[in-house]
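Working through the structure, step by step
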Amino acid sequence: MQKQPDGRTPELKKCRVLGPMASIFTSANTGSFRIERPVVDYDKCIKCGICARNCPGNIIEIKKEQKECVEIDYYYCKGCGICANECPQKAIAMVRERGEH
Amino acid sequence: MAYKMLDGNAAAVEAMVLARVKVISAYPITPQSYIAEKLADLVAKGVLDAEYIRVESEHTAMTAATTAQLTGVRAATATSSVGLALMHEVLGMTAGIRMPVVMPVVNRALLSPWSLWCDHSDTMDERDSGWMQFYCQDVQDIIDLMLVAYKTAEHDQVLLPAMVCFDGFFLSHSMQKVDVPEQELVDNFLGEYKRKNLYLDTSDPMFVNDLTPPEDYTEFKYQMKVAMDNALQVAPEVMAEFERSFGRKLSIIEEFQTADADVVLVTLGSMSGTAKQTVLRLREKGLKVGLLRIVLYRPFPFKQIREALKNVKVVGVLDRSSGLGLPGGPVWVEVSCALSGCGAVVKPYIGGLGGRDVPESTIEKIFNELLAIKNQETETHTSWIDTKANAMDIREVLKVV
């Protein structure tokens, strides 16, 4: 009989587990299926935050004290392009992933 | 030891009470309703120390039972037919998060045509859901296999849920003298339920059944595959221990007069009893016929069936579900696969659908045909064995018998 894991694994130290479980707030890398990523041109950006307010994934954070103030969490960004469409300055470009253009 | 007159539903309730279930969430459906009602009655009267959750559907019944069991108690539910179909989504969760829930399923045909009566189309549709499946031949089997199912499902090396399937009306509503084990013996056999894996505990929280990316999905499924493989070893060990504790012999497949048989029929469920009777009667006439009854259908006892039937020339498989789009039903497909390369001819039969009785005459018809094929007297094969001659006539449902 092939034994199932019955010890604590280093990554999941909480308990012996079989089956899907997480002990910290985390999620699968849903950014992995993105085809295009939003890239901000900070020479045009006016720090209005409209991109963040319209992001359906709620994964854009505006840090006004920084010059590069738009922080996009690419782990979750699906590349939908809504931020680029909503930007009043047309400061966000959608750039192909994997370098192809 | 106490004998009681019980029907199948009452026997399932006895088993759940003996297992000391602490949470019940069951939604009534014919022919299972008595289980939901009786458990509610026992809780209301204070006989059974459990919480009864009234749910609005089977989808919720399964969700509540699974999540209740996550808190570290045995939970109970039961269903039939379209109720099982409505649970389909959640059945996968229960298996995937490795909760060893044990559920009696009272076999009833799936629609359409709409039916209240027995066949195996409901549980056959869930055969790949990650649940184990036991099929009962009689009412005694229901108590016995329920207890075996708890112990197998909760085994460290298994941790998978189990369905204990029994035929609607043929077993659920027929009375039989049943040996109900004593509580103390069952307590010793099953032990107290302890959470062994995932759990819900507010002082030690975890996310269960979270989104799993392609990097991990295959491995979780592989762990379930290993658990299924393990169950094929664990179930016979549990059955041996059951025999030591309660004195009744159980097995994952039952070989009946197969040793010297020329032809063997494979069945599961209540029709196996009729088939055994037919075997005995035909044996008196000197016909070498045998029966193989599959008790544990998931995990499928592939090697055991191959070993049992490797020298048989002609094998028939009687499916109690229609297997539309294939020449035979699912049991035939799998038995054929198990016997591939053995040289046996494996013939599919379909019968007993939507509550149609499977009497000795039907079984005898199959055996006669199998013997004729074996003796090369005929190539005729009547796969839909109990269909009326006028099956293609356009008809109306004028009366429900």
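The structure displayed is predicted, hence computed values, not measured ones. (Residues numbered from 1 in each chain as written. Chains lettered and ligands numbered in written order. Predicted model: local features only at pLDDT ≥ 70, side-chain atom pairs only at ≥ 80, totals over all residues. Heavy atoms only, no water.)

**Here we look at the overall build of chain B**
Applicable threshold: In this description a helix means any DSSP run of H or I spanning at least four residues, a strand means any run of E spanning at least two, and both kinds are numbered starting from the N terminus. This radius of gyration counts C-alpha atoms alone. The globule rule is 2.2 Å times how many residues there are, raised to the power 0.38. The cut-offs for exposure are 20% and 50% of the maximum accessible area for each residue type, with area from a 1.4 Å probe on protein chains only; residues under the lower value are buried, those over the upper are exposed, and the others partly exposed. Whether two residues are in contact is decided by their heavy atoms: any pair within 4.5 Å suffices.
Within chain B one finds 12 helices and 15 strands. Rg of the C-alpha trace for chain B: 21 Å, near the compact-globule value of 21 Å for 401 residues, within the 12% margin. Its C-alpha atoms put chain B at 70 × 50 × 45 Å along the principal axes. Burial statistics for chain B: of 401 residues in total, 56% are counted as buried. Put simply, 80% of the contacts in chain B that link residues at least 6 apart link residues at least 24 apart.

**Some thoughts on the sheet that holds strand β4 (residues 75-76) of chain B**
Residue and element names in this part refer to chain B. What counts here: Two strands pair if DSSP finds at least two bridges between them.
Taken together, the 3 strands give an open sheet; going across it, the order is β3-β2-β4, and neighbouring strands pair in parallel fashion. Each edge of the sheet is formed by a strand with only one pairing partner; in this case those strands are β3 (51-52) and β4. Of the pairings in the sheet, the one linking strand β2 (residues 23-24) to β4 comprises 2 bridges and is parallel in character. When the sheet's bridge partners are listed, V23 is paired in β4 with A75.

**A short note on unusual backbone geometry**
All names here are of chain B. A cis geometry characterises the amide bond from L111 onward to S112, with omega recorded as -5°. Turning to its location among the elements, S112 is positioned in the loop between β5 (102-107) and α5 (121-124). The omega torsion of the bond from S112 to P113 falls at 5°, within 30 degrees of zero and hence cis. Counting through the fold element by element, P113 comes out in the loop between β5 and α5. Phi at R20 takes a positive value of approximately 55°, unusual for a residue other than glycine.

**A few points about the pairing of β5 of chain B**
Residue and element names in this part refer to chain B. In terms of burial, β5 is largely enclosed, as 6 of its 6 residues are buried. Every second residue of β5 is oriented toward a common face, with V102, P104 and V106 on one face and M103, V105 and N107 on the other, all of them buried. The pairing of β5 with strand β7 (residues 162-167) spans 6 bridges and is classified as parallel. Looking at the pairing, V106 lines up with F166 of β7.

**Considering the packing of aromatic side chains**
Residues and elements named next belong to chain B. Note the following rule: Aromatic rings from Phe, Tyr and Trp, taking only the six-membered ring of Trp, are treated as a pair when their centres fall within 6.5 Å; an angle between ring planes under 30 degrees marks them as stacked, one over 60 as edge-to-face, and anything in between as tilted. The criterion for a charge sitting over a ring is simple: Lys NZ or Arg CZ within 6 Å of the ring centre, and within 35 degrees of the ring normal.
Within this structure, the stated rule accounts for 7 aromatic pairs over all chains. With a centroid separation of 5.8 Å and 80° between ring planes, the pair formed by F189 and F242 is classed as edge-to-face. Pair noted here: F189 is in helix α7 (residues 183-190) and F242 is in helix α8 (residues 214-246), with a separation of 53 residues, a long-range link. Each ring, one from F300 and one from F302, has its centre 6.5 Å from the other, and the planes form 70°; the classification is edge-to-face. Residue class for F302 comes out partly exposed when judged on its relative accessible area of 36%. Ring-pair connections join several aromatic residues into one group, and the members of that group are Y135, Y297, F300 and F302. Directly above the ring of Y150 sits R74, whose terminal nitrogen or CZ lies 5.7 Å from the centroid. Over the ring of Y199 we find R195, and its NZ or CZ is 3.8 Å from the ring centre.

**Digging into the domain arrangement of chain B**
All names here are of chain B. Going by this rule: As used throughout, domain bounds are those supplied by an automatic or database domain assignment. Note on terms: buried area is the combined drop in 1.4 Å-probe accessible area of two parts once they are placed together, counting the loss on both. Should a side-chain nitrogen of Lys or Arg be within 4 Å of a carboxyl oxygen of Asp or Glu, the pair is scored as a salt bridge. Side-chain atoms alone can form a polar contact between residues adjacent in sequence; in general such a contact is a pair of N or O atoms within 3.5 Å, and within protein one must be able to donate a hydrogen while the other accepts it.
Domain parsing of chain B yields domain 1 (2-179 + 215-246) and domain 2 (253-374). Each of domain 1 and domain 2 has a C-alpha centre, and these two points are 26 Å apart. The interface of domain 1 with domain 2 comprises 27 residues on the first partner and 29 residues on the second. In total, about 2,000 Å² of surface goes out of reach between domain 1 and domain 2, with carbon and sulfur atoms giving 61% of it. The shortest N-O distance in the salt bridge between D128 and R298 comes to 3.2 Å. On the surface where domain 1 and domain 2 come into contact, there are 13 residue pairs in polar contact (both at pLDDT 80 or more).

**Thoughts on the side chain of Q133 of chain B**
Looking at where Q133 of chain B falls in the secondary structure, it is placed in strand β6 (residues 132-135). Once you skip the residues sitting within four places of it in the chain, Q133 of chain B turns out to touch T123, E126, R127, M163, C165, V295, L296, Y297 and R298 of chain B.

**Points about the pattern of salt bridges**
Residue and element names in this part refer to chain B. Taken as a whole, this structure holds 26 salt bridges over all chains when the rule is applied. Between D144 and R248 there is a salt bridge; the shortest N-O distance is 2.6 Å. Pair noted here: D144 is in helix α6 (residues 139-153) and R248 is in the loop between α8 and β10 (253-256), with a separation of 104 residues, a long-range link. You can call D144 buried: its relative accessible area is 2%. Residues joined in a network through salt bridges with shared partners are R127, D128, R298 and E334.

**Structural notes on a nonpolar patch on the surface**
Residues and elements named next belong to chain B. Quick note on the threshold: Each patch is built from residues lacking any salt bridge and having more than 30% relative accessible area; the joining distance is 9 Å for like charges and 5 Å for nonpolar side chains (Val, Leu, Ile, Met, Phe, Trp, Tyr). Computed with a 1.4 Å probe, the accessible areas rest on the Shrake-Rupley method; for each residue, only the protein chains presented here act as cover.
A cluster of nonpolar side chains, contributed by L111, W114 and L116, occupies part of the molecular surface with about 310 Å² of accessible area. As for its placement among the helices and strands, L111 is situated in the loop between β5 and α5. Judged by relative accessible area, L111 falls into the partly exposed class, the value being 46%.

**Structural notes on the sheet that holds strand β15 (residues 345-350) of chain B**
Residues and elements named next belong to chain B. Going by this rule: Axis lines are fitted to C-alpha atoms, over the contacting stretch for helices. Their N-to-C directions set the angle, which ranges from 0 to 180 degrees.
Read across the sheet, 5 strands follow the order β10-β12-β11-β14-β15 without closing on themselves; strand pairing throughout is mixed. At either margin of the open sheet sits one strand with a lone partner, and together these are β10 and β15. On average, each strand axis in the sheet is tilted by 20° relative to the strand beside it, whichever way the strands run. Where strand β14 (residues 314-319) lies against β15, 6 bridges are found, and the strand directions are parallel. Its bridge partner lying in β15, D319 is registered against I350.

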